[in-house]
Amino acid sequence: MEKYSSVEIVQENPSSPVFTLYLNRPLHSNALSLQFFTEFPKALSYLDNNPNVAVIVLSGKGKHFCAGIDLKSLTSLTADVQASSDRGRSGERFRRQIIFMQEAITAVERCRKPVIASIHGACIGGGVDIITACDMRYCTEDAFFSVKEVDLAITADLGSLQRLPAIVGYGNAMELALTGRTFSGSEAKSLGLVSKVFGCKADMEEGVGAIAEGIGAKSPLAVIGTKKVMLKSRDLTLNDGLDYVATWNSAMLLSNDLLEVVSAQLQKRKPSFSKL
């Protein structure tokens, strides 16, 4: 397995299908370096293609989940545009760089396996971009959030403005993005950004671990199908979404997993599924 400087993959329990992907720059509050945007999608691809992985928990090492993009990285990205004598060409290069960074975050959605965000401490700017791409989100009472980009004189461009409205509602997303204000874990729960608030990090790790293990014990075909159809349906009309899931199930429904569930219920035992 490849080693990374900005993230780390850990299998807490050798017999578990749940793997943890850590943001791993704790001395910098897990601020996102330029290396992150290359390493993060590579790590997700490795986990996606590893048959021993059923569920991915995304967490942060140290005191915070993610303090946003590293300001040194931001300065490095903008220096070329400011120094160039050809504004058009430098702008075109900058646009490609932004799209490259966007793709790194979208890799969470492209990963077939469910990705669960486990958030403590700060989740700011780019951290919000990341968690809004995740499939499920949980946090601690001490977690705090901010769509901070407006305070840095930039428009958030890595996904928050596109994904957050579908999660918390258009009006709430607009207010959070324009004010850049900090909001608490309890408010994140009331907005629907997170599903549950835990008292401390240890409780969250235990609770999220149990949720992930429960998902990991289900039919992997049903789990990846549910994620795929939910994401696809978000961008489709109701009728198109129904048509898509009909097509999906016409290919995937009649599987050994379905036969195993029926057999397990008749025999009053837990089902056991093959790896993907």
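Residues numbered from 1 in each chain as written. Predicted model: local features only at pLDDT ≥ 70, side-chain atom pairs only at ≥ 80, totals over all residues. Heavy atoms only, no water.

(A) How the structure looks around the overall build of the protein. The number of helices and strands found in the protein is eleven helices and nine strands. Relative to the compact-globule value of 19 Å for 276 residues, the protein shows a C-alpha radius of gyration of 20 Å, a close match. Expressed along its principal axes, the backbone C-alpha trace of the protein runs to roughly 70 × 40 × 40 Å. Expressed as a percentage of the 276 residues in the protein, the buried residues total 44%. Here the contacts in the protein between residues at least 6 apart in sequence split such that 68% fall between residues at least 24 apart. If you average the places of the 30 positive and of the 29 negative side-chain charges in the protein, the two averages end up 3 Å apart. (Helix = DSSP H or I, 4+ residues; strand = E, 2+ residues; numbered from the N terminus. Rg over C-alpha atoms; globule rule 2.2 N^0.38 Å. Buried < 20%, exposed > 50% of the residue type's maximum accessible area, 1.4 Å probe, protein only. Contact = heavy atoms within 4.5 Å. Lys, Arg positive; Asp, Glu negative; His and termini not counted. Charge placed at Lys NZ, Arg CZ, Asp CG, Glu CD.)

(B) Representation of the nonpolar core within the structure. Leu21, Phe36, Phe37, Phe40, Leu58, Ile119 and Phe145 are the most contacted members of the largest nonpolar core, which has 50 residues in total. Among the elements that make up this core, the one with the highest residue count is helix α1 (residues 36-49) (six residues). Not counting chain neighbours up to four residues away, the residues in contact with Leu21 comprise Val7, Glu8, Ile9, Phe40, Ala43, Leu44, Leu47, Ile56, Val57, Leu58 and Ser59. In terms of nonpolar packing, the next biggest core, distinct from the first, is built from eleven residues, Tyr138, Met204, Ile215 and Val223 among them. (Core = buried A, V, L, I, M, F, W, Y, C linked by side-chain atoms within 4.5 Å.)

(C) Spotlight on helix α3 (residues 87-110). Helix length check: α3, at 24 residues, gives a terminal C-alpha distance of 33 Å against a target of 34 Å (1.5 Å per residue), a fit within 8%. Approximately 30° is the largest bend angle found in α3, and it occurs at Ala104. What α3 keeps buried is the set Ser90, Ile98, Met101, Ala104, Ile105, Thr106, Ala107, Val108 and Glu109. (Expected span 1.5 Å × (residues − 1). Bend = angle between axes of the 7 residues up to and from the residue.)

(D) Representation of the sheet that holds strand β3 (residues 55-60). Here six strands make up an open sheet; going across it, the order is β1-β2-β3-β4-β6-β9 and the pairing mixed. Looking at which strands have only one partner, the edges of the open sheet turn out to be β1 (7-10) and β9 (196-198). If you compare each strand with its neighbour and ignore which way they point, the axes differ by 25° on average. When strand β2 (residues 18-23) meets β3, the two strands line up parallel, connected through six bridges. (Pairing = 2+ DSSP bridges. Axes fitted to C-alpha atoms, helices over the stretch in contact; angles between N-to-C directions.)

(E) Structural view of the packing of α3 against helix α4 (residues 126-133). Running from N to C, α3 and α4 cross one another at 25°; their axes reach a closest spacing of 8 Å. For the element pair α3 / α4, the angle class is roughly parallel. Between α3 and α4 lies a crossing of right-handed hand. Contact residues: Ile105, Val108 and Glu109 in α3; Asp129, Ile130 and Ala133 in α4. Classifying every residue of the contact of α3 with α4 gives four nonpolar, no polar and two charged. (Parallel < 35°, antiparallel > 145°, perpendicular 65-115°, else oblique. Left-handed = near helix turned anticlockwise from the far one by under 90°. Nonpolar A, V, L, I, M, F, W, Y, C, P; charged D, E, K, R; others polar.)

(F) How the structure looks around the environment of Leu191. Structurally, the position occupied by Leu191 is in helix α7 (residues 185-191). Accessibility expressed as a relative area gives 14% for Leu191, which makes it buried. Through-space distance from the C-alpha of Leu191 to that of Ala202 is 24 Å; in sequence the pair is eleven residues apart. Setting aside anything within four residues of it in sequence, one finds Leu191 in contact with Ile167, Val168, Asn172, Leu176 and Phe183.

(G) Quick look at the sheet that holds strand β8 (residues 183-184). Read from one edge to the other, the open sheet built from three strands follows the order β5-β7-β8, with strand pairing classed as mixed. Here the strands that pair on one side only, and so sit at the sheet edges, are β5 (122-124) and β8. Packing of α4 onto the sheet brings it into contact with β5 and β7 (144-146), and relative to β5 it is tilted by some 90°.

(H) Spotlight on the environment of Leu258. Turning to its location among the elements, Leu258 is positioned in helix α11 (residues 256-266). Considered as a pair, Leu258 and Tyr138 are 120 residues apart in the sequence and their alpha carbons are 30 Å apart.

(I) Up close: the packing of aromatic side chains. All chains considered together, the criterion is met by five aromatic pairs. Ring centres 5.2 Å apart and planes at 85° place the aromatic pair Phe36 and Phe37 in the edge-to-face group. Across the pair, exposure class does not vary: Phe36 and Phe37 are buried alike. Seen from their ring centres, Tyr244 and Trp248 are 6.5 Å apart, and the 35° between their planes marks the pair as tilted. In this pair, Tyr244 and Trp248 are both assigned in helix α10 (residues 238-252), four residues apart and thus about one turn of the helix distant. Among the aromatic residues, ring-to-ring pairing joins Phe36, Phe37 and Phe40 into one connected group. Seen from the ring of Tyr22, Lys61 lies directly overhead, with NZ or CZ sitting 4.9 Å from the centre. (Phe/Tyr/Trp six-rings, centres within 6.5 Å; stacked < 30°, edge-to-face > 60°. Lys NZ or Arg CZ within 6 Å of the ring centre and 35° of its normal.)

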